[in-house]
Amino acid sequence: MKKIGIITSGGDCAGLNAAIRAIVIAADKIGVETYGFIGGQWAVLDDSKIVKLFPDSLPADMLKSAGTILKVGPVGDPYVFKCENGDTIDMLEAFDKKVKELGIDAIIMTGGDGSFSLLKKFFNYSGIPFVAIPKTIDLDVPGTDMTIGFDTALNELMHVMDNLQTTVASHNRFIVVEAMGRTCGWLTMQGGIVGGADAIIVPEIPFSIPNLVSHIKENVIKKYNRHHGLIIVAEGAVEENPKKSPVKDIAKALSDAGLEVRTVAPGHLQRGGIVSASDRRLATQFAVYAVDLLRQGKSGKLVVLQCNEIKDISEEDFASLGKYHSDLNVTNQNVYTAGMDIDDNIIKTAKGLGIYIGEID
């Protein structure tokens with residue numbers, strides 16, 4: 001093995017640059033060159049988007065910087081590129097041609113549930129060895145206890161909740177916070193606990209807006225004589241009827257009950273910030289392990305953290321551990337994803353604190 005390509009696929013998150021840095025350094029230690037694909041697999045369409053990386057030319061602040069110096073690819077059909085004149089380019093063929101032309105022997109890709117489910121088709125088509133590293137603030141990748149980016153996103157969400165606590169107390173109001181995480185509730189649940197929420201709404205647990213309002217009135221205002229607080233809601237949470245984000249409906253119901261209410265959506269602030277120590281460490285460990293897997297001639301692996309140990313699982317393991325469903329971003333594509341485990345101790349913690357988390361025994 002003489003050359004490794006690096007692709008950061010899917011959405012951005014904190015820790016990606018730490019992973020790129022570690023791949024470049026670890027590969028250099030064993031005499032292997034590294035090449036960055038700027039913009040994901042789409043980089044094969046533009047020679048200037050594939051750059052050779054050197055340990056001594058990496059940005060000095062790379063460890064602390066969120067995002068990715070290699071950018072991410074555009075959302076859309078990953079297998080077909082549509083030109084301005086209406087022509088289309090077969091991305092599988094283009095990818096295969098370019099990696100062979102460059103003499104790249106293997107690819108390390110960072111991605112979430114969708115990236116690994118979809119982009120492995122590129123590697124299977126070309127036959128090039130690849131290893132994937134899980135990154136996403138959603139923590140919805142099957143087979144791993146942690147992903148790059150989650151811890152920093154949780155810290156950023158915590159900061160938002162901390163800042164809101166003082167203003168709600170000052171004005172005697174309630175604020176409904178919409179957290180990221182798509183259809184997975186890990187970020188919302190943990191963010192609600194560390195941020196002192198009175199109610200936490202996640203996609204995995206059914207809930208009732210009337211019961212939530214009753215909880216606030218009986219267990220916050222009446223019991224503790226506290227007329228302020230926070231309700232945090234996952235962006236992918238839905239009430240039985242209607243099938244839409246319930247944030248506005250929750251706010252309206254609280255307002256109709258006589259409470260002063262506001263809504264806040266931190267949005268992409270959760271993707272940025274200074275990268276936490278945990279994400280820097282995990283990204284570095286995943287990256288070094290990935291380089292070593294390729295050195296050993298192994299391919300089709302996803303690097304994971306299980307029971308505080310860095311391991312790897314196969315494509316088959318990844319699929320068997322996940323739920324197969326339609327991808328939210330790519331038409332006519334399916335992905336394997338993992339949701340929040342409602343038997344997890346964090347659920348017991350929320351219940352023990354008297355937080356309303358939905359209709360759960």
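As a reminder, the structure under discussion sits directly above these lines.
Worth saying up front: this structure is predicted, and the values here are computed from it rather than measured.

Thresholds, definitions, all that
- Residues numbered from 1 in each chain as written.
- Predicted model: local features only at pLDDT ≥ 70, side-chain atom pairs only at ≥ 80, totals over all residues.
- Heavy atoms only, no water.
- Pairing = 2+ DSSP bridges.
- Helix = DSSP H or I, 4+ residues; strand = E, 2+ residues; numbered from the N terminus.
- Axes fitted to C-alpha atoms, helices over the stretch in contact; angles between N-to-C directions.
- Parallel < 35°, antiparallel > 145°, perpendicular 65-115°, else oblique.
- Left-handed = near helix turned anticlockwise from the far one by under 90°.
- Contact = heavy atoms within 4.5 Å.
- Nonpolar A, V, L, I, M, F, W, Y, C, P; charged D, E, K, R; others polar.
- Salt bridge = Lys/Arg side-chain N within 4 Å of Asp/Glu carboxyl O.

## Describing the sheet that holds strand 11 (residues 261–264)
- Pairing is parallel across the open sheet formed by four strands, whose spatial order is 9-10-8-11. A strand with exactly one partner marks an edge of an open sheet, and here the two such strands are strand 9 (199–201) and strand 11. Neighbouring strand axes in the sheet, compared pairwise and without regard to direction, differ in orientation by 15° on average.
- Alignment of strand 8 (residues 174–179) against strand 10 (residues 229–234), held across six bridges, turns out to be parallel. Across the sheet, the residue bridging to V176 is I231, located in strand 10.

## Here we look at the packing of helix 5 (residues 186–194) against helix 10 (residues 345–352)
- At a closest axis distance of 11 Å, the pairing of helix 5 and helix 10 adopts a crossing angle of 40°. Our classification of the angle between helix 5 and helix 10 gives oblique. Our pair here, helix 5 against helix 10, has a crossing hand that is left-handed. Contacts between helix 5 and helix 10 involve W186, M189, Q190 and I193 on the former and, on the latter, I346, I347, T349 and A350.
- A breakdown of the residues in the contact of helix 5 with helix 10 according to their chemical character gives six nonpolar, two polar and no charged.

## Points about unusual backbone geometry
- Backbone geometry at K71 places phi at a positive 60°, although glycine is not the residue there.
- Within the fold, K71 resides in the loop between strand 3 (50–53) and strand 4 (80–82).
- A positive phi angle, near 55°, is found at R182, a position not held by glycine.

## Describing the pattern of salt bridges
- All chains considered together, the criterion is met by 13 salt bridges.
- For D138, the salt bridge is made with R182, and the minimal N-O distance between the two is 3.3 Å. Of this pair, D138 sits in the loop between strand 7 (130–134) and helix 4 (150–171) while R182 is found in the loop between strand 8 and helix 5, placing the two residues 44 residues apart along the sequence.
- A salt bridge links D256 to K252, with the shortest nitrogen-to-oxygen separation between them at 2.9 Å. Taken together, the residues D256 and K252, both in helix 7 (residues 247–256) and four residues apart, mark about one turn of the helix.

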